[in-house]
Amino acid sequence: MVYLLKGTMQNYIWGGSDYIPELLQIEKKEEYYAEWWLGAHSSSPSDLILNDTIIPLNNYIKEKPGVLGEYSINKFGTELPYLLKILDVKKPLSIQLHPTKEQAELGFKQENELGISLSDPKRIYKDSNHKPEMMVALSDFWLLHGFKTKDKIAKSLEKHPSLSPLALRLKQCDLLTFYAEIMRATQQQLEKWLLPIIQQQKAAYEQNQLSLVNPDYWVLYSIESMEISLTKLDPGLICFYLFNIVNVNKGEGIYQDAGIPHAYLRGQNIELMACSDNVIRGG
Ligand SMILES: [Zn+2]
């Protein structure tokens, strides 16, 4: 039996305004269309259309788990084990990583015991699932994916005199300590690191002369598209020098396993992941 399924929209402000409405041929009523979900996640389940009635997919599966098929039930239990999304990334997203299954089960249990509501912004674990993600680009797509090696990080920092103290610091400590220190940097410190680069590269950026594999391009692009004030710089901007900047061509894919820090920067894609909304923010 084949049923009609109606997905749900997430109008996060980093989304574009045209791609998803045009793809789905729907009337534009909102300013941002970031994600379109097909799945049974309890925070935003798709609707199953059954003759004259509409029933949320998660409720339908709860009533009739047999529709999942024996193989899926034996392997993943009585929930739909995946979530499919279409994303239109207009503004860069924050750095994030997703927990392993063990971390998610423990975190979800602990936050439940602490009585943190599922809708509380402080809540990290919204379910007990891991969230490995597989995506295929629907357009030229750019993202940050995992840390570069320490050598490569040092090289990219040494290109700028204002960042060379960071390259020295990296030689004295491990990457985790180094990253934590940057994430706690003061505004004054961030200005010392970043303002000289912004001033030096502004004209080249505006004339489209910076390569997209150059971290400087993404610092300036983020400041412009996210309307970041130069008096309120974000430590996440330093991440462009620490992470791999990856270009995925239309039709190509990339896999983000649990624990790999990543950030989508620009483009459209289709994503398949475990049925989870567990995101740990990292800047
Ligand atoms: Zn992710």
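Residues numbered from 1 in each chain as written. Predicted model: local features only at pLDDT ≥ 70, side-chain atom pairs only at ≥ 80, totals over all residues. Heavy atoms only, no water.

Participant: What am I meant to see in the nonpolar core here?
Facilitator: What tends to happen in soluble globular proteins is that the nonpolar side chains get buried as a cluster. Within the largest apolar cluster, 41 residues are counted, with the highest numbers of intra-cluster contacts made by F178 and I238. Among the secondary structure elements, those contributing two or more residues to this core are β9 (141-147), α5 (150-158), α6 (164-172), α7 (175-183), α8 (187-206), α9 (215-225), β10 (243-248) and β12 (262-274). Among the elements that take part in this core, α8 stands out by supplying 7 residues, more than any other. Apart from the residues lying within four places of it in its own chain, the contact partners of I238 are L163, L166, I182, L190, W193 and L194. Of all hydrophobic cores here, the second largest spans 12 residues; its members include A34, V248, I254 and Y264. (Core = buried A, V, L, I, M, F, W, Y, C linked by side-chain atoms within 4.5 Å. Buried < 20%, exposed > 50% of the residue type's maximum accessible area, 1.4 Å probe, protein only. Helix = DSSP H or I, 4+ residues; strand = E, 2+ residues; numbered from the N terminus. Contact = heavy atoms within 4.5 Å.)

Participant: Would you explain the coordination of the zinc ion in this entry?
Facilitator: Six octahedral donors around a metal ideally sit at 90 or 180 degrees from one another, while four tetrahedral donors ideally sit at 109.5 degrees. Taken together, the protein ligands of the zinc ion are Q96 (OE1), H98 (NE2), E133 (OE), E133 (OE) and H262 (NE2), with distances of 2.1 to 2.6 Å. Ordering the donors of the zinc ion by residue number gives the pattern Q-x1-H-x34-E-x128-H. Of the two residues, H98 is situated in the loop between β7 (96-97) and α4 (101-113) and E133 in strand β8 (residues 133-137); the sequence distance between them amounts to 35 residues. E133 shares its class with H98; the two are buried. (Donors = N, O, S within 2.8 Å, 3.2 Å for Na, K, Ca; no water.)

Participant: Help me understand the side chain of S46, please; the structure alone is not making it clear to me.
Facilitator: If you trace the backbone, S46 turns up in the loop between β3 (35-39) and β4 (47-50). Side-chain polar atoms of S46 contact the backbone oxygen of W37, separated by 3.5 Å. The contact partners of S46, leaving out residues within four places of it in the chain, are L5, K6, G7, T8, W37, L38, G39, I55, P56 and L57. (Polar contact = N/O pair within 3.5 Å; in protein donor to acceptor, adjacent residues only side chain to side chain.)

Participant: Teacher, can you tell me more about the domain arrangement of the chain here?
Facilitator: Interfaces are frequently sized by the accessible area removed from exposure as the parts join. You can read the domains of the chain as domain 1 (4-143 + 248-281) and domain 2 (149-241). Averaged C-alpha coordinates put domain 1 and domain 2 at centres separated by 30 Å. Facing the 7 residues of domain 1 at the interface are 11 residues of domain 2. Between domain 1 and domain 2, a total of about 830 Å² is buried, with carbon and sulfur atoms accounting for 70% of that surface. Contact with domain 2 buries surface across domain 1, with P92, W142 and R266 losing the most and accounting together for 58% of the total. Put simply, domain 1 and domain 2 have 0 salt bridges between them. For the interface between domain 1 and domain 2, the tally reads 2 residue pairs in polar contact (both at pLDDT 80 or more). Taken together, the residues of the side of domain 1 that touches domain 2 break down into 4 nonpolar, no polar and 3 charged. (Domains from an automatic or database assignment. Buried area = accessible area lost by both parts, 1.4 Å probe. Salt bridge = Lys/Arg side-chain N within 4 Å of Asp/Glu carboxyl O. Nonpolar A, V, L, I, M, F, W, Y, C, P; charged D, E, K, R; others polar.)

Participant: Looking at this structure, I do not really get the pairing of β9. What am I missing?
Facilitator: Looking along a regular strand, one sees side chains alternate from face to face of the sheet. Of all 7 residues making up β9, 6 are buried, and the element is well covered by its neighbours. The pairing of β9 with β10 spans 5 bridges and is classified as antiparallel. Across the sheet, residue W142 finds its bridge partner in β10, namely N247. Pairing between β9 and β12: 4 bridges, direction antiparallel. Pairing of H145 across the sheet is with H262, part of β12. (Pairing = 2+ DSSP bridges.)

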